[in-house]
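# Residue-level structure breakdown
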Amino acid sequence: MQKRTLDQMAVRGRRVLVRVDFNVPIADGAIGDDTRIRAALPTIRAILAGGGKAILTSHLGRPKGVANPAFTLRPAADRLRELLEAPVHFVEHTGGPVDPAHRRAVDALGDGEAIVLENTRFHPGETKNDPALATELASFADLYVNDAFGTCHRAHASTEGVARQVAETGMGFLLAREIAYLSRLLDKPAKPYVAALGGAKVSDKIGVIENLLDRVDALLVGGAMSYTFLKALGRQTGASRVEEDRLGDARTLYRKADGKIRLPIDHVTAPAFDNEAPRQIVSGAIPEGEMGLDIGPETVATYAQAIREARTIVWNGPMGVFEMPNFARGTLAMAEALDEATRRGGLTIVGGGDSVAAVSQAGYAERISHVSTGGGAMLEFLEGKTLPGVAALQDA
Ligand code: AMP
């Protein structure tokens, strides 16, 4: 069912509570990467330009239900003010999102102004989806808009509970864009359709693989999870990282996939988990004591070709230990192949921290069809699960 979006809501003179994702990296009070704040700008600008009042709520880090100045949203509010060049209020206090100081500030808010409420996770009720907290948050709002895709897979007070208690609710532009793009990966995707999955664990991706298998033409597996598959098939994986308790699952999935799951044919290995460890390229069996830390050049070539020839491509998870430059090649090569696929008219979608970092680092972020702001949320969406934060919003 299609959800209502912000452009279908009348905001003039009204208090619009917006769940944003301002969970940005902050060190010594300074914001490292403000991508998430920028991503929320279209929604916030539309509310302010429409004469509404924007009341922004977000979490930051994991303060575990207590007020902790190390997790204050003040730096995010300051950055937002610079970016918007509009009045953005922030009230110093320790009471979490529903402090009386907030109520006074929200009551005093003029049309076309914004306020950033303090970290929702300063309140223990946030992650418990406490109805009392949701009711208090709802009392700040005539309208509720969710624009925090990255947290929509969590039923928290500021994502799910509050949406059930505000009369009029809908999706912000960022959330709407995420849902529109990701839906194209499940609903009649243009063929050939290729999924590339990497990262540490098979266990995180079993649901996604199961849900995508019937839809894709090929599923390219890389990263440490490929060694669990290879070992499950009886190959030698040396000292590579393997999930021993998932060998059975991996074997079952591989059989079910009927040839669609593709595994690395060569590897960049080293005797230690260290960027400076001596590297070698190994085809087939990985010797005793060596660990696979990246996909090898032959694998890169075949995976890249499959991606270039596809019309729909989704990628989540690094192909190797991307954090170490000597084992980042496979991951960067995927970013390059996606860029080429996009230029050939393919639909390309990337999600997950390392994969997104790879496309950004390689300078392709602007050229990929869609770079998702959600890692966990994207995976749950691809598993076919209902995201509670989206489900709680009203239908169009
Ligand atoms: P995930 O959080 O599941 O996306 O996994 C990301 C992590 O997997 C990164 O920290 C990578 O360093 C790690 N990773 C990827 N490939 C390998 C590998 N071959 N061996 C060990 N760790 C890996």
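Residues numbered from 1 in each chain as written. Predicted model: local features only at pLDDT ≥ 70, side-chain atom pairs only at ≥ 80, totals over all residues. Heavy atoms only, no water.

### Considering the overall build of the chain
To keep things clear, this is the line we draw: Helix and strand definitions here come from DSSP, where helices need a minimum of 4 consecutive H or I residues and strands a minimum of 2 consecutive E residues; each element is numbered from the N-terminal end. What the globule rule says is 2.2 Å times the number of residues to the power 0.38, and the radius of gyration is computed from C-alpha atoms. Only protein chains enter the accessibility calculation, which uses a 1.4 Å probe; a residue is then buried when its area is under 20% of its type maximum, exposed when over 50%, and partly exposed in between.
Regarding its fold elements, the chain presents 15 helices and 17 strands. Computed over its C-alpha atoms, the radius of gyration of the chain comes to 23 Å, within 12% of the 21 Å expected for a compact globule of 396 residues. With respect to the principal axes defined by its C-alpha atoms, the chain has extents near 70 × 45 × 35 Å. Considering the chain as a whole, with its 396 residues, one finds that 57% of them fall into the buried category.

### Description of the pattern of salt bridges
How we decide: We define a salt bridge as a side-chain nitrogen of Lys or Arg found within 4 Å of a carboxyl oxygen belonging to Asp or Glu.
On inspection of all chains with the given rule, the structure shows 21 salt bridges. Between Glu82 and Arg79 there is a salt bridge, with the nearest N and O atoms lying 3.4 Å from each other. Taken together, the residues Glu82 and Arg79, both in helix H3 (residues 74–84) and three residues apart, mark about one turn of the helix. The class of Arg79 is partly exposed, set by a relative accessible area of 22%. Residue Asp217 pairs with Lys191 through a salt bridge whose shortest N-O separation is 3.5 Å. Linking Asp217 in the loop between helix H8 (206–213) and strand S10 (218–221) with Lys191 in the loop between helix H7 (173–183) and strand S9 (193–197), this pair joins segments that are 26 residues apart in sequence. For Asp217, a relative accessible area of 37% corresponds to the partly exposed category. The partly exposed category is assigned to Lys191, whose relative accessible area is 40%.

### Topic: the sheet that holds strand S14 (residues 291–295)
Within a sheet, neighbouring strands are paired by backbone hydrogen bonds and run either parallel or antiparallel to one another. We apply this condition: The criterion for strand pairing is that DSSP finds at least two bridges linking the strands in question. Note on definitions: angles span 0 to 180 degrees between N-to-C directions of axes, and those axes are lines fitted to C-alpha atoms, for helices only across the stretch in contact.
In spatial order, the strands read S13-S12-S14; together these three strands make up an open sheet with antiparallel pairing. Pairing within the sheet leaves two strands with one partner each, and these edge strands are strand S13 (280–283) and S14. Strand-to-strand twist of the sheet, defined as the mean angle between neighbouring strand axes without regard to direction, takes the value 45°. In terms of strand pairing, strand S12 (residues 266–270) meets S14 through four bridges, oriented antiparallel. Each residue of the ladder has a partner; that of Ala270, found in S14, is Met291.

### Some thoughts on the site of the ligand
So the rule is basically this: Residues are labelled near a given molecule or strand when at least one of their non-hydrogen atoms is within 4 Å of it. Side-chain atoms alone can form a polar contact between residues adjacent in sequence; in general such a contact is a pair of N or O atoms within 3.5 Å, and within protein one must be able to donate a hydrogen while the other accepts it. Only the protein chains shown count as cover for residues, and the accessible areas themselves come from Shrake-Rupley with a 1.4 Å probe. Here a cavity denotes grid points, spaced 1 Å and computed from the protein atoms alone, that fit a 1.4 Å probe unable to get out, and a pocket denotes an open set having protein on both sides within 12 Å along at least 5 of 7 lines; residues with an atom within 4 Å of a point are the lining. A cavity or pocket is said to hold a molecule if more than half of that molecule's atoms lie within 2 Å of its grid points.
Close to the ligand lie 15 residues, the nearest being Ala200, Ala224, Gly292, Gly320 and Glu323. A distance of 3.2 Å separates a nitrogen atom of the ligand from a polar backbone atom of Ala224. In this structure, Gly320 approaches the ligand through a main-chain N or O atom, which is 3.4 Å from a nitrogen atom. For the ligand, whose free accessible area comes to 510 Å², the fraction covered by protein is 79%. Here the ligand occupies the second largest pocket.

### Re the pairing of S12
Judged by how many residues are buried, S12 sits mostly within the fold: five of five residues are covered. The two faces of S12 match: Asp266, Val268 and Ala270 on one face and His267 and Thr269 on the other face are all buried.

### Regarding the domain arrangement of the chain
Note the threshold: For the purposes of this description, domain bounds are those given by an automatic or database domain assignment. The criterion used for residue contact is that any of the two residues' heavy atoms lie within 4.5 Å. The term buried area means the drop in 1.4 Å probe accessible area that two parts suffer when joined, counted for both and summed. For this scheme, ten residues count as nonpolar: Ala, Val, Leu, Ile, Met, Phe, Trp, Tyr, Cys and Pro. Four count as charged, namely Asp, Glu, Lys and Arg, and the remainder, Gly too, count as polar.
Domain parsing of the chain yields domain 1 (6–175) and domain 2 (184–382). Summarising the inter-unit geometry, the C-alpha centres of domain 1 and domain 2 are found 35 Å apart. In this complex, domain 1 contributes five residues to the contact, which on the side of domain 2 involves seven residues. Taking both partners together, domain 1 and domain 2 bury about 560 Å²; carbon and sulfur atoms supply 67% of that area. Taken together, the links from domain 1 to domain 2 amount to zero salt bridges. Viewed at the interface, domain 2 and domain 1 are joined by zero residue pairs in polar contact (both at pLDDT 80 or more). Within the side of domain 1 that touches domain 2, the residues separate by chemical class into two nonpolar, two polar and one charged.

### Topic: the layout of surface pockets
Condition: Grid points are joined across faces, edges and corners, and a volume is the space filled by probe spheres set on the points.
A volume near 1100 Å³ is recorded for the largest pocket. Around the largest pocket, the lining comprises 34 residues; the ones closest to its centre are Arg36, Val356, Ser372, Thr373 and Gly374. Taken together, the elements giving at least two residues each to the lining of the largest pocket come down to helix H1 (35–39), H7, helix H13 (353–361) and strand S17 (370–371). Tallying contributions element by element places H13 first for the lining of the largest pocket, with four residues. In terms of residue class, the lining of the largest pocket is built from nine nonpolar, 17 polar and eight charged. Mapping the lining of the largest pocket onto the domain boundaries places at least three of its residues in each of domain 1 (6–175) and domain 2 (184–382). By volume, the second largest pocket amounts to about 490 Å³. If you trace the second largest pocket, you find 28 residues lining it, with Gly199, Ala200, Ala224, Arg241 and Pro318 closest to the centre. Of all the secondary-structure elements, those providing two or more residues to the lining of the second largest pocket are S14, H13 and helix H14 (376–382). In terms of residue class, the lining of the second largest pocket is made up of 10 nonpolar, 13 polar and five charged.

### Here's the deal with the side chain of Thr312
Summarising the element assignment, Thr312 is placed in strand S15 (residues 312–316). Aside from chain neighbours lying at most four places away, what touches Thr312 is Leu185, Pro189, Ala190, Pro192, Tyr193, Val194 and Leu347.

### Brief notes about empty space enclosed by the protein
Scanning the model with the defined rule gives one cavity of 30 Å³ or more in all. Taken as a whole, the largest cavity spans an internal volume of roughly 50 Å³. Residues belonging to the lining of the largest cavity are distributed by class as follows: five nonpolar, two polar and three charged.

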